[in-house]
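Structure assessment
Listed here are the chains, written in short residue letters.
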Amino acid sequence: MERCLEFKGIEKAFPGVRALQDINFRVKGGRVLALLGENGAGKSTLLKIMSGDLRADAGTITLNGREMNFSSPNDAIRAGISVIYQERQLVPAMSVAENIFPGIPPRGALGLVAGKQLKRQAQELIDKFGLSIDPAAPVGTLSVAYQQMVEIMKAYRRDSDVIAFDEPTAPLTDAEIAILFDLIRRLKEAGKIILYVSHRLSEIFQVTDEIVVLKDGRLVAEMKTSETGEQELIRAMVGRDIGDTYAGLNRNDKIGEVLLEVSHLETDVLRDVSFTLRRGEIVGFAGLVGAGRTEVARAIFGADPVSSGEIKIEGKPVRFKTPKDAIDAGVALCPEDRKEQGLVLFRSVRDNVTMPILAKVKRGLFLDNHAEDEITIDAVKRYAIKTPTVDKIVMELSGGNQQKVILGRWTSSKMTTKILILDEPTKGIDVGTKAEVYQMVCDFAGQGIGVIFISSELTEVVNISDTIVVMHGGRVTGQMTRQEATEEKVLALAMLD
Amino acid sequence: MKRLLRSKTVMLVYVSAVVVAVFFIMNHNYLSGDNIRGIMNNMSLSGTLGVGMAFLLMGGGIDLAAGAEGCFGAVLVALLMKTGMPWPVAMLLGLMYGAAAGALNAFLINGLNFMGFIATIAMSSVYNGFALVLTNNQNVAISNQAFWRVGSYALFGVFPMAFVILIGLIAVYGFILAKTRFGRCILLCGGNRMAARLAGVSPKKVTTILYMNCGALATLAGSVLAARMHNASPTAVATGALDAITAAVLGGVSFMGGGGSIGGLLIGLILLNTFNNGLIVVQLPSYWQIVSQGALLIIALCVDFFNERAKALALKSSSAKRAV
């Protein structure tokens, strides 16, 4: 019987986001289907539903005509679905053979694990794939690529009908990618159903037969790989109506002198990053996850060590050793992960707002609680933070209000913020509040603050920023003004191979 | 949240009252003047260590070597006095040693990124061993009569000196925690070290000071005990860290950092010491006392665990609410 995997009406919502809406498509055995889309388009969510990590709110997945109903990843594996993630799920200290046959090693006399038999069976499998791996070698000693091969053999050995790859080539070299593609072709010949998630367009044309494009949780295009081209795919990935959100913004048009000048900045992640930021300007950083945008922010802010290059603020060279030095010089950072890096969740709104200015709200030896309250109440009013009192624990506020607490921290009357770095400020925020955040960003620029706006949402970066810097693999791959920029251009630079 | 904390503190007061009542019924001598003075003396020992430990826990650290540091410190002070050094000078040098020991812990943890547990357990063994080597496991006799007064003096003829020191420490540290910038920074670093750093607080600086403080207070505790005993024992407060942690966690100091109050610590100390002393008064065999003391810490940790879990659940339900 020919294998067939079908998604019918899959729906999934997270707080504030509809991650997947009415997803319908099918793949047949012996075909490789590419799942394509921007960050946050819903690819990972779909994979997680298929692998039993998440439950869909509605819809069904059928494999070979049988409806699947998973309550755990183990159920999915038993039903014949294997997902190979970027993070390996292998035990580094155990041998290749033991990793291929986890939990159910062949047993010999007396019920003991039969070491020799285990090794022989693993060797047979390795030969079948034409690889040169020692089945007795600990997995931890293999290269990343070979670890991935072990994972693939593990999936094959389970006799999975469906094997899904999540960005499999990200850590691989070209030679290793060739081996991987060869392996995928073998799996295809064996009649398996293969899902392939990747940002890299060139690969998609090399290994896949069909393409499904997701955008904002919807399936926007379904096509045969042989009948499409890169341009069409990019258009499908970004094509959407740009709402009135951006047209209605009250923008700042008074861009002043150079505030921040970064030249040839290098860290262990960044390579030769240069750009300038002017007073009242919004410089947007676009790129895929892991492109190095957050690292640029952290390097400027003194949170990560800089290995070479120059940072000048108002013409003076600076090299901050700690975030405190950066804050004292007028640089502020709203980190990407509010809960992990931005807030002390079990402290009050006041404690979170006054964190960087404690030295300035002292009366003698003691903190001036009255002054602290005033500053916090001012922030609550300015940003319309929904909290009953300034003593409320920050954890009990909504995501949008938590974000405003951090903004309030950096813009209080005791701060002299010249450069404000916003790392994914709209992540996990509902659409209404997003528009509010956009206007705030423009207002900051209007006050003469230079704003660095990092976002993985293309539409947002392209429409908010005065200048857009595109990054890929730790390098700046392009820079353009808002007038020049289109989502297609930016995406092409962000996906540059 | 605040109400919850307050009600927890109130509950601890009730629990302490019940403990006292039960032991009093079992043996009326429990509330005799002599025994209460004994409780105060013991409480001063675990309390002086406890203040340092509680601050460290609130700031997200831990020092399992505190007891051993205290023993070694007391031995050091006693040996210095033996050379004829005046006691205030010996005491000062002892406190400096304690701070240095704390600074070393801080370096292992902040500088070399060792886990606090492991680093301080190892250091505990080092100080313990040093104290034994220096003394050949013999108590060091103290003949300095002026120093004896530190142990024997009683304010208004009632309150032992050690207890007066403890009350002084609690007052000063209570103010530091509630009213000063440093106190706020302790709670911010303990609550979320990364966020505190990105908001301009220096977690390394804060925890280094806390480790130094803990080491110095451990030496103070050990020395005051030595003054009362007229000799310094290399093993007298070896389990001091355990008592200090028990008192702090019983009193609502979060084992995970970021929460706690001096008032809570005080009640934790009262509960711990009335309990431990009660076991002696009702003549529970001493080995069983050891079992009971460990069990008390486990109970305290369970309460802390359920609190942390309640926090985690609150976190989940608050994000679920946002989904609607």
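Note that the coordinates shown come from a computational prediction; the quantities given were computed from them, not determined experimentally.

Thresholds applied
Residues numbered from 1 in each chain as written. Chains lettered and ligands numbered in written order. Predicted model: local features only at pLDDT ≥ 70, side-chain atom pairs only at ≥ 80, totals over all residues. Heavy atoms only, no water. Domains from an automatic or database assignment. Contact = heavy atoms within 4.5 Å. Salt bridge = Lys/Arg side-chain N within 4 Å of Asp/Glu carboxyl O. Polar contact = N/O pair within 3.5 Å; in protein donor to acceptor, adjacent residues only side chain to side chain. Pairing = 2+ DSSP bridges. Helix = DSSP H or I, 4+ residues; strand = E, 2+ residues; numbered from the N terminus. Axes fitted to C-alpha atoms, helices over the stretch in contact; angles between N-to-C directions. Phe/Tyr/Trp six-rings, centres within 6.5 Å; stacked < 30°, edge-to-face > 60°. Buried < 20%, exposed > 50% of the residue type's maximum accessible area, 1.4 Å probe, protein only. Lys NZ or Arg CZ within 6 Å of the ring centre and 35° of its normal. Buried area = accessible area lost by both parts, 1.4 Å probe. Nonpolar A, V, L, I, M, F, W, Y, C, P; charged D, E, K, R; others polar.

**What to know about the domain arrangement of chain A**
All names here are of chain A.
- The domains assigned to chain A are domain 1 (4-238) and domain 2 (258-494).
- Using only C-alpha atoms to locate each centre, domain 1 and domain 2 end up separated by 37 Å.
- Facing the eight residues of domain 1 at the interface are ten residues of domain 2.
- Summed over the shared surface of domain 1 and domain 2, the number is zero salt bridges.
- Counting the contacts that link domain 1 with domain 2 gives zero residue pairs in polar contact (both at pLDDT 80 or more).

**Details of the sheet that holds strand β19 (residues 419-423) of chain A**
All names here are of chain A.
- Strand order in the open sheet formed by six strands is β16-β19-β20-β13-β21-β22, and the pairing between neighbours is mixed. Bordering the open sheet on either side are β16 (331-334) and β22 (475-481), each of which pairs with just one other strand. The mean angle between the axes of side-by-side strands here comes to 20°, regardless of whether they run parallel or antiparallel.
- The sheet contacts of helix α14 (residues 399-410) involve β16 and β19, and relative to β16 the element is tilted by about 175°.

**Quick notes on the packing of aromatic side chains**
- Taken as a whole and judged by the stated rule, the model has 14 aromatic pairs over all chains.
- Ring geometry for Trp87(B) versus Phe147(B): centroids 5.8 Å apart, planes at 50°, classification tilted. Of the two residues, Trp87(B) sits in helix α4 (residues 87-111) while Phe147(B) sits in helix α6 (residues 145-152), which places them 60 residues apart along the sequence.
- Take Phe147(B): its relative accessible area is 1%, and that puts it in the buried class.
- Chaining the aromatic ring pairs together yields one cluster made of Phe72(B), Tyr97(B), Tyr127(B) and Phe130(B).
- Between the NZ or CZ atom of Lys192(A) and the centre of the ring of Tyr156(A), over which it lies, the distance is 5.1 Å.

**A look at the interface of chain A and chain B**
- Contact with chain A, which involves 40 residues of that partner, is made by 28 residues of chain B.
- Here chain A packs against chain B, burying approximately 2900 Å² in sum over the two surfaces, 63% of which is carbon and sulfur.
- Seen at the junction of chain A and chain B, the total is two salt bridges.
- Its salt-bridge partner being Arg184(B), residue Glu372(A) comes within 2.7 Å of it at the nearest N-O pair.
- Seen at the junction of chain A and chain B, the total is eight residue pairs in polar contact (both at pLDDT 80 or more).
- Broken down by secondary-structure element, the contributors of at least two residues to the side of chain A that touches chain B are α10 (323-328), α11 (338-342), α12 (349-353), β18 (366-367), α13 (369-382) and α14 of chain A.
- Across the side of chain A that touches chain B, the residue classes tally to 22 nonpolar, eight polar and ten charged.

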